[in-house]
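# Architecture and fold: a report
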Amino acid sequence: MLTKKTKYAVKALMALARNKGNAPMLISSIATNEQLPKKFLEAILLEMKRNGFLASKKGAGGGYYLMKKAEDIKLAAIIRIIDGPIALLPCVSLNFYEKCDECTSEIYCGIRDVMIDVRDATLKILGETSLADMIEREDRLKALLLEGKNENRSEDDFKGNLGEVIS
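Residues numbered from 1 in each chain as written. Predicted model: local features only at pLDDT ≥ 70, side-chain atom pairs only at ≥ 80, totals over all residues. Heavy atoms only, no water.

With that settled, consider helix α2 (residues 27-34). Ile27, Ile30 and Ala31 are the residues of α2 that are buried. Axial view of α2: buried residues confined to an arc of 95°, hence all on one face. Exposed residues pointing more than 90 degrees away from the buried face of α2 are listed as Thr32 and Asn33. Packed against the buried residues of α2 are α1 (4-18), α3 (38-50) and β2 (63-66). Residue Gln35 follows α2 closely and has a positive phi angle near 55°. (Buried < 20%, exposed > 50% of the residue type's maximum accessible area, 1.4 Å probe, protein only. Helix = DSSP H or I, 4+ residues; strand = E, 2+ residues; numbered from the N terminus. Arc of directions from axis to C-beta. Contact = heavy atoms within 4.5 Å.)

Encoded structure:
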């Protein structure tokens, strides 16, 4: 499961990616627009800056801005920076491998074998999906909603800030 910290990081980066001309955005603007806790967001953006995804500008017109194109920022990279391993078990992690304490043999462990498949499928999706892809999906979903062509979704799927799109 994604932690709130990772989810907030993705939302903040998407907000920055949507920002026209990649102009710096204030943390307070991102927090307000995305309904994120400002103090928590400060730490997240600082971490993304330390990892080369963001830069900041001080003074009037200052704030955070993307250092990479939205197309080049993949979800797998964001998750690894914020949460560490993507794999569900440490023994199948590519970047954070650890032997399981209770394991008698990795060679014939059925759980490990299944989790390798899960890891590979997950990494394929997360490693190929960029911020730009997520923005495109959001825009497509909003357009479908406005056209009334979202029959596979229930009313509960659209609670929250999508209500403003409908009205």
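After presenting the structure, the write-up continues.
Below, the discussion takes up empty space enclosed by the protein. Summed over the entire model, instances satisfying the criterion amount to one cavity of 30 Å³ or more. One number sums up the size of the largest cavity: a volume of about 50 Å³. Taken together, the residues that form the lining of the largest cavity break down as six nonpolar, two polar and two charged. (1 Å grid on protein atoms, 1.4 Å probe; cavity = no way out; pocket = protein on both sides within 12 Å on 5 of 7 lines; lining within 4 Å. Points joined across faces, edges and corners; volume = space filled by probe spheres on them. Nonpolar A, V, L, I, M, F, W, Y, C, P; charged D, E, K, R; others polar.)

Describing two packed helices takes the angle between their axes plus the distance from one axis to the other. Between α1 and helix α6 (residues 131-147), whose axes approach to 10 Å, the crossing angle comes to 85°. Accordingly, the angle class assigned to the pair α1 and α6 is roughly perpendicular. In this structure, α1 uses Val10, Leu13, Met14, Ala17 and Arg18 to contact α6, whose residues at the interface are Leu131, Met134, Ile135, Glu138 and Asp139. (Axes fitted to C-alpha atoms, helices over the stretch in contact; angles between N-to-C directions. Parallel < 35°, antiparallel > 145°, perpendicular 65-115°, else oblique.)

Of note, Arg112 is situated in helix α5 (residues 110-128). In this structure Arg112 touches Cys91, Val92 and Glu106, once residues within four positions along its chain are discounted.

Let's shift gears to the side chain of Glu47. Locating Glu47 in the fold gives a position in helix α3. Excluding residues within four positions of it along the chain, Glu47 makes contact with Lys5, Ile81 and Ile82.

To continue, consider the state of the cysteines. One pass over the full model with this rule turns up zero disulfides. The closest cysteine sulfur to the non-disulfide-bonded Cys100 is located on Cys91, 3.6 Å from its own sulfur. Here Cys103 is not disulfide-linked; the sulfur of Cys109 is the nearest cysteine sulfur, at 4.8 Å. Judged by its relative accessible area of 16%, Cys103 falls in the buried class. (Disulfide = S-S within 2.5 Å.)

Distances and angles like these do not, on their own, reveal function.
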